[in-house]
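Examination of the molecular architecture
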Amino acid sequence: MTDTVPPQTTRLLSIVVPVLNEQDGLKDFISALSSVLDDSQFRLEILFVDDGSTDATLERLRQLACYDSRIRYLSLSRNFGKEAALTAGLLHARGDAVIPMDVDLQDPPETIPAFLRLWQEQGYDMVYGVRESRHEDTRLKRSSAGWFYRLFNRIADAPIPAEAGDFRLLDRRVVEALRRLPERNRFMKGLYAWTGFSSIGVPYQRPARTTGQSKFNYWKLWNFALDGLFSFSTLPLRVWSYIGGFTALLAFIYLVIIISKVLLLGRDVAGYASLMSAVLFFGGMQLLSVGILGEYVGRLFIESKQRPLYLIAEDSDAQPQHDGKNSTTSSTTSSTTSSTTSSTTHD
């Protein structure tokens, strides 16, 4: 835990907001955020990261940035996924504290003052929101989320708090630690936990979305869960070593039984049905184990190419000239790790 942070009117708070096709929710979000933080002792920076929106989100951000000096935006060259967009925001945020949150107001701005008190008065490096209820989610989604948290925390070295999402306050030194993590297959909840640092949860009620709809479907959630599990544990590989050893032991015992029957009782090996059952069973086991191995090999392949995690097409700080034909600035940049330039789906 860091020393207690003294109150200073010059401290900067950055709000990082990844967005994808959220043109209708921007003004409501800014209004709700302003009603909570306008009277605070912090200077405010609101950094939107447009993750390849196909509606008028980018144009709305341009307009908002012209009228409100607190607003900045990054526009990625295409949809790179929420984890990449969130990383871009964290690495471009300038605040002494950074709070990632969603634009749909399911992360209530009214919780932020509690975050700030624990950070400033008690010196916590990370203050995360804990969802007390998820009534807006289906029973299947709530159940699958609970199963995932339990499984992840059993096999991963850095457990993540149950019902904690991206909505949290990060001290600057936590952000700097995240800048040093170079992987392309990013599971941000796991990365937050991996950094360690002193942390505490703040419970809150998660309301329903005010506008738009979730960009996640069950297939994307499944792939997101796999990214989390395979990025933070090698247990799936180790398990197959145990399964292989146990299967080999059973095969040896069965071989002894067959040989004993032939030598002592004069029986031949059982027929075709038992042979095919064994072949099909072990063939399926082998394909499954190869598939798990392939998940890790595929991730190694992606990491080995060293492609940028994202590309920035437009940065509000670059003050691009919009001629209606090409809104991409000449300062297009890319970002992956802390040593290069600063610097999958939305919930």
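Residues numbered from 1 in each chain as written. Predicted model: local features only at pLDDT ≥ 70, side-chain atom pairs only at ≥ 80, totals over all residues. Heavy atoms only, no water.

Side note on the packing of aromatic side chains
The description of two aromatic rings rests on the distance between their centres and on the angle between their planes. Selection criterion: Aromatic pairing here means that ring centres of Phe, Tyr or Trp (its six-membered ring) are within 6.5 Å. Orientation follows from the plane angle: under 30 degrees is stacked, over 60 is edge-to-face, and everything else is tilted. In this text, helices come from DSSP runs of H or I with a minimum length of four residues, and strands from runs of E with a minimum of two, each type numbered from the N-terminal end. Buried, partly exposed and exposed residues are distinguished by accessible area as a fraction of the type maximum, computed with a 1.4 Å probe on protein chains only: under 20%, between the cut-offs, and over 50%, respectively.
For the structure on display, the rule yields four aromatic pairs. Ring geometry for F167 and Y204: centres 5.6 Å apart, planes at 90°, overall edge-to-face. With F167 in strand β6 (residues 164-171) and Y204 in strand β7 (residues 199-204), this pair connects stretches of sequence that are 37 residues apart. Of the residues examined, F167 reaches a relative accessible area of 2% and is grouped as buried. What links up through ring pairs into an aromatic cluster is the set F115, F167 and Y204.

Side note on the pattern of salt bridges
Definition in use: Salt-bridge detection follows one rule: a side-chain nitrogen of Lys or Arg within 4 Å of a carboxyl oxygen of Asp or Glu.
This model, assessed by the stated rule, comprises twelve salt bridges. A salt bridge links R72 to D317, with the nearest nitrogen and oxygen atoms 3.1 Å apart. Taken together, the residues span a long stretch of sequence, with R72 in strand β3 (residues 71-76) and D317 in the loop between β8 (310-315) and β9 (333-335) at a distance of 245 residues. Overall, the relative accessible area of 5% leaves R72 in the buried class. When salt bridges that share partners are traced, they join E45, R72, R94 and D317 into one network.

Re the packing of helix α6 (residues 172-179) against helix α7 (residues 188-195)
The cut-off we apply is this: Axis definition: a line fitted to C-alpha atoms, over the contacting stretch in the case of helices. Angles run 0 to 180 degrees between N-to-C directions. An angle below 35 degrees is treated as roughly parallel, one above 145 as roughly antiparallel, one from 65 to 115 as roughly perpendicular, and anything else as oblique. Each helix crossing is assigned a hand: it is left-handed if the near helix lies turned anticlockwise from the far helix by less than a right angle, otherwise right-handed if that turn is clockwise. Only heavy atoms enter the contact rule, under which two residues are in contact if any of them lie within 4.5 Å. All amino acids are sorted into three groups, where Ala, Val, Leu, Ile, Met, Phe, Trp, Tyr, Cys and Pro are nonpolar, Asp, Glu, Lys and Arg are charged, and the leftover types, Gly among them, are polar.
It is at 10 Å that the axes of α6 and α7 come closest, and there the two elements cross at 115°. By the angle between their axes, α6 is roughly perpendicular relative to α7. Seen from above, α6 lies across α7 with right-handed handedness. Here V174, A177 and L178 of α6 come into contact with α7, specifically with L191, Y192 and T195. Classifying every residue of the contact of α6 with α7 gives five nonpolar, one polar and no charged.

Points about the pairing of strand β5 (residues 126-131)
Note the threshold: DSSP calls a pair of strands paired once it identifies at least 2 bridges connecting them.
The buried fraction of β5 is high, at five of six residues. In terms of strand pairing, β5 meets β6 through four bridges, oriented antiparallel. Residue pairing across strands places V127 opposite L169, the latter belonging to β6. Note that β5 and β7 share six bridges and pair parallel. Residue V130 lies in a different strand from β7, and its bridge partner there is P203.

A short note on helix α2 (residues 57-67)
Those residues of α2 that fall on the buried side of the exposure criterion are T57, L58, L61, R62 and L64. Summarising the contacts, the buried residues of α2 are in contact with β1 (12-19), α1 (26-37), β2 (43-50), β3 and β8.

Observations regarding a nonpolar patch on the surface
The line we're drawing: Think of a patch as exposed residues, more than 30% relative accessible area, with no salt bridge, where like charges cluster within 9 Å and nonpolar side chains (Val, Leu, Ile, Met, Phe, Trp, Tyr) cluster within 5 Å. Using a 1.4 Å probe, accessible areas were evaluated by the Shrake-Rupley method; residue-level cover was limited to the displayed protein chains.
Where nonpolar side chains cluster on the molecular surface, the patch consists of F246, L249, L250, I253, Y254 and I257 and spans about 580 Å² of accessible area. Tracing the chain through its elements places Y254 in helix α9 (residues 235-265). Exposure remark for Y254: the relative accessible area of 46% places this residue in the partly exposed category.

What about the nonpolar core?
Applied cut-off: The definition of a nonpolar core used throughout is a set of buried Ala, Val, Leu, Ile, Met, Phe, Trp, Tyr and Cys residues joined through side-chain atoms within 4.5 Å.
Core analysis: the biggest nonpolar cluster contains 37 residues, and L13, I15, F29, L37, F48 and I112 have the highest contact counts within it. Here this core gets seven residues from one element, more than from any other, and that element is α1. Apart from the residues within four sequence positions on either side, L13 is in contact with L37, F42, R43, L44, E45, A97, I99, I112 and L116. Within the second largest apolar cluster, 26 residues are counted, among which are L91, L170, M188 and L309.

Re the packing of α1 against α2
Running from amino to carboxyl end, α1 crosses α2 at an angle of 40°, the nearest separation of the two axes being 11 Å. Between α1 and α2, the interaxial angle falls into the category oblique. In this structure, α1 contributes L26, K27 and I30 to the contact, and α2 contributes T57, R60, L61 and L64. In the contact of α1 with α2, the residues fall into four nonpolar, one polar and two charged.

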